[in-house]
Amino acid sequence: MHLHEINKQIGADGWQVAQKFKVDKVTTYSLKKEVADTSYRLSFSIIKEGAIMSYSLGDFIKSYKNDTVYVEMALLNQDTLYLFTRKNTEMAENPSGVIDLSKIEFLLGKYYYLYSHGKLSWNQQMYFEAYRDSLINVRGNRLPVLNEK
């Protein structure tokens, strides 16, 4: 229910714990839920310091397939952080699940995706963090490589 307060799109029912990982004072959960043809994934951490407990919400991912494409988006309340499509034929040819960035089409948030999935160099991560507000909203797939400064 607390996570629902942070992100109103997250309903409280029907989630399964896919993974639980604990290090020191931080417990991280990965949850999943299937509703009809749509899959939802959510990660969050609970940080416990004495009697104080705080939450850190990771990406809330929604994905589905139709006859020709797989669609994936990361959402935060009413904001879309990234949105991409990938041909189903590409997915069938690569069952490992490792995404070849050259074979997906970003409609929004390519820089955010690269940042959140550890695909940027250290300097590019720092650049993204400095200009995050504007870079999150960049649309399109054919984008310049982020600055290294």
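Our subject is the structure listed above.
Here the structure is a predicted model, which means the values were calculated and not measured. (Residues numbered from 1 in each chain as written. Predicted model: local features only at pLDDT ≥ 70, side-chain atom pairs only at ≥ 80, totals over all residues. Heavy atoms only, no water.)

Draft legend 1. Focus on the packing of aromatic side chains. The full count for this structure, using the stated rule, is 13 aromatic pairs. Ring plane angle 20° and centroid distance 5.2 Å describe the contact between Tyr29 and Phe44, whose orientation is recorded as stacked. On the criterion of sequence distance, the pair formed by Tyr29 in strand β2 (residues 26-35) and Phe44 in strand β3 (residues 38-49) is long-range, its members being 15 residues apart. On the basis of relative accessibility, which here comes to 10%, the residue Phe44 falls in the buried class. Between Tyr82 and Tyr113 the ring centres are 5.0 Å apart and the planes differ by 90°, which places this aromatic pair in the edge-to-face class. Here Tyr82 is found in strand β6 (residues 79-87), whereas its partner Tyr113 is found in helix α3 (residues 110-116), with 31 residues between them in sequence. Assessed through its relative accessible area of 0%, Tyr82 is described here as buried. The exposure class of Tyr113 is buried, given its relative accessible area of 3%. Taken together through their ring pairs, the aromatic side chains of Tyr70, Tyr82, Phe84, Phe106, Tyr112, Tyr113, Tyr115 and Phe128 make up a single cluster. (Phe/Tyr/Trp six-rings, centres within 6.5 Å; stacked < 30°, edge-to-face > 60°. Helix = DSSP H or I, 4+ residues; strand = E, 2+ residues; numbered from the N terminus. Buried < 20%, exposed > 50% of the residue type's maximum accessible area, 1.4 Å probe, protein only.)

Draft legend 2. Seen up close, the pairing of strand β5 (residues 69-76). Burial analysis of β5 places seven of its eight residues in the buried class, the great majority of the element. Count of turn residues in the strand β4 (residues 52-65)/β5 antiparallel hairpin: three residues. (Pairing = 2+ DSSP bridges.)

Draft legend 3. Fine view of the sheet that holds β6. One open sheet accounts for seven strands, arranged β1-β2-β3-β4-β5-β6-β7; its pairing is antiparallel. Where the open sheet ends on each side, the last strands, each with one partner, are β1 (16-23) and β7 (104-108). Recorded for the sheet is a direction-independent mean angle of 15° between the axes of neighbouring strands. Across seven bridges, β1 lies against β2 in antiparallel orientation. Within the sheet, the bridge partner assigned to Val23 lies in β2 and is Val26. (Axes fitted to C-alpha atoms, helices over the stretch in contact; angles between N-to-C directions.)

Draft legend 4. Focus on the nonpolar core. Counting residues in hydrophobic clusters, the biggest one holds 17 residues, and the most contacted among them are Tyr82, Phe84, Tyr112, Tyr113, Phe128 and Leu146. Those elements that place two or more of their residues in this core are β5, β6, β7 and α3. With four residues, the single largest contributor to this core is α3. When sequence neighbours within four positions are dropped, the list of residues in contact with Tyr82 reads Asp59, Ile61, Glu72, Met73, Ala74, Leu108, Gly109, Tyr112, Tyr113 and His117. (Core = buried A, V, L, I, M, F, W, Y, C linked by side-chain atoms within 4.5 Å. Contact = heavy atoms within 4.5 Å.)

Draft legend 5. Region of the structure containing the pattern of salt bridges. According to the stated counting rule, one finds two salt bridges in the structure shown. Among the ionic pairs, Lys25 bridges to Glu49, the shortest N-O distance being 3.7 Å. Of this pair, Lys25 sits in the loop between β1 and β2 while Glu49 sits in strand β3; the two residues are 24 residues apart in sequence, bridging distant segments of the chain. In this structure, Glu72 and Arg41 form a salt bridge, with 3.6 Å as the shortest nitrogen-oxygen distance. Of the two residues, Glu72 is situated in strand β5 and Arg41 in strand β3; the sequence distance between them amounts to 31 residues. (Salt bridge = Lys/Arg side-chain N within 4 Å of Asp/Glu carboxyl O.)

Draft legend 6. A look at unusual backbone geometry. Phi is positive for Asp24, close to 50°, though the residue is something other than glycine. You can see Asp24 is positioned in the loop between β1 and β2. The exposure class of Asp24 is exposed, given its relative accessible area of 69%. In this structure, Ala36 takes a positive phi of about 55° despite not being glycine. By secondary structure assignment, the location of Ala36 is in the loop between β2 and β3.

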